[in-house]
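# Architecture at a glance
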Amino acid sequence: QLQLVESGGGSVQAGRALRLSCPASGTIFRLNSMGWHRQAPGKQREFVASISNSGSTNVADSVKGRFTISRDNAKNTVYLEMNSLKSEDTAVYYCVFTQLSTNSWGQGTQVTVSS
């Protein structure tokens, strides 16, 4: 059982930046991927970005060019650098860790962007 704890959320004005962090603890295998999803009020959870253990990334079109995902394998931690935030980025952001075809999720961190 993995434990994931997101941090770094908060309330900011449009155009500002935030950095989310999510360390994973527990039994971790070498082949894995880490990522972020988000869920806005009244909407389904959606993919934001992912990064493999080798550093390959995927980023949703809606945030491409503004959000950057990275990871520190030594710390089993994934980061999401969010720049030029927009009001439509307001959501609960969830960290996800995937290994052996199993997803483990964090509890989420709220990001609120005011215009």
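One can find the structure itself at the top, above this paragraph.
In what follows, the accompanying structure is described.

Calculation rules
What you see as residue numbers is a count from 1 along each chain, following the sequence as written. Where totals are concerned, whole chains, interfaces and linings use all residues; where local detail is concerned, this predicted model gives features only for residues with pLDDT of at least 70, and gives and counts side-chain atom pairs only at 80 or more. Where side-chain values are given, they derive from all heavy atoms of the structure, hydrogens and water being excluded. Secondary structure elements follow DSSP: runs of H or I no shorter than four residues count as helices, runs of E no shorter than two count as strands, and numbering proceeds from the N terminus. It is over C-alpha atoms that the radius of gyration is taken, and the globule rule equals 2.2 Å times the number of residues to the power 0.38. Buried residues are those whose accessible area, probed at 1.4 Å on protein chains only, stays under 20% of the maximum for their type, while exposed residues exceed 50% and partly exposed ones sit between those limits. Here the open area of atoms and residues is found with the Shrake-Rupley method and a 1.4 Å probe, where only the protein chains shown may cover a residue. The charged-residue count follows a simple rule in which Lys and Arg add positive charge and Asp and Glu add negative charge, with His and chain termini not counted at all. One atom stands in for each charge, and that atom is NZ of Lys, CZ of Arg, CG of Asp or CD of Glu. If DSSP finds at least two bridges between two strands, the strands pair. Whether two aromatic rings pair depends on their centres lying within 6.5 Å, for rings of Phe, Tyr and Trp, where Trp uses its six-membered ring; planes under 30 degrees apart make the pair stacked, over 60 edge-to-face, and the rest tilted. Two limits define a charge over a ring: the Lys NZ or Arg CZ must be within 6 Å of the ring centre, and within 35 degrees of the ring normal. In what follows, salt bridge is the name for a side-chain nitrogen of Lys or Arg lying within 4 Å of a carboxyl oxygen of Asp or Glu. Throughout this description, the term nonpolar core refers to a set of buried Ala, Val, Leu, Ile, Met, Phe, Trp, Tyr and Cys residues connected via side-chain atoms within 4.5 Å. Whether two residues are in contact is decided by their heavy atoms, any of which lying within 4.5 Å being enough.

Our focus in this paragraph is the overall build of the protein. The number of helices and strands found in the protein is 0 helices and 11 strands. Relative to a compact globule of 115 residues, whose C-alpha radius of gyration would be 13 Å, the protein shows 13 Å and is just as compact. Summarising its shape, the C-alpha atoms of the protein cover approximately 40 × 25 × 20 Å along the three principal directions. Within the span of the protein, comprising 115 residues, buried residues form 41% of the whole. Approximately 6,300 Å² of the protein is accessible, and the part contributed by carbon and sulfur atoms is 45%. Side-chain charges of the protein comprise 11 positive and 7 negative groups, with the mean position of each set lying 3 Å from the other.

A separate point is the sheet that holds strand β3 (residues 18-25). The 4 strands are arranged β1-β3-β8-β7 in an open sheet whose pairing can be described as antiparallel. On the outer flanks of this sheet lie β1 (3-4) and β7 (67-72), each paired with one strand and no other. Where β7 and strand β8 (residues 77-82) come together, 6 bridges link them in antiparallel fashion. Paired with T68 across the bridge in β8 is E81.

Relative to the elements of secondary structure, S11 occurs in strand β2 (residues 10-13). On a C-alpha basis, the gap between S11 and S62 in space is 20 Å, while along the polypeptide they are 51 residues apart.

Per the stated rule, a full pass over the model turns up 0 aromatic pairs. One residue, R19, lies across the ring of Y79, its end atom 4.2 Å from the ring centre. Between the NZ or CZ atom of R45 and the centre of the ring of W105, over which it lies, the distance is 4.8 Å.

Our next topic: the pattern of salt bridges. Taken as a whole and assessed by the stated rule, the structure comprises 5 salt bridges. For R38, the salt bridge is made with D89, and the minimal N-O distance between the two is 2.9 Å. Residue R38 is located in strand β4 (residues 33-39), and its partner D89 is located in the loop between β8 and β9 (91-99); the two are separated by 51 residues in the primary sequence. The exposure class of D89 is buried, given its relative accessible area of 1%. One salt bridge in this structure joins R66 and D89, with 2.7 Å as the shortest N-O distance.

W36, V48, F67, V78, L80, M82 and Y93 are the most contacted members of the largest nonpolar core, which totals 27 residues. Counting residues per element, the ones that place at least two in this core are β3, β4, β5 (46-52), β7, β8, β9 and β11 (109-114). Ignoring anything within four residues of it in the chain, the contact list for M82 reads R16, A17, L18, L20, R66, F67, Y93 and V111.

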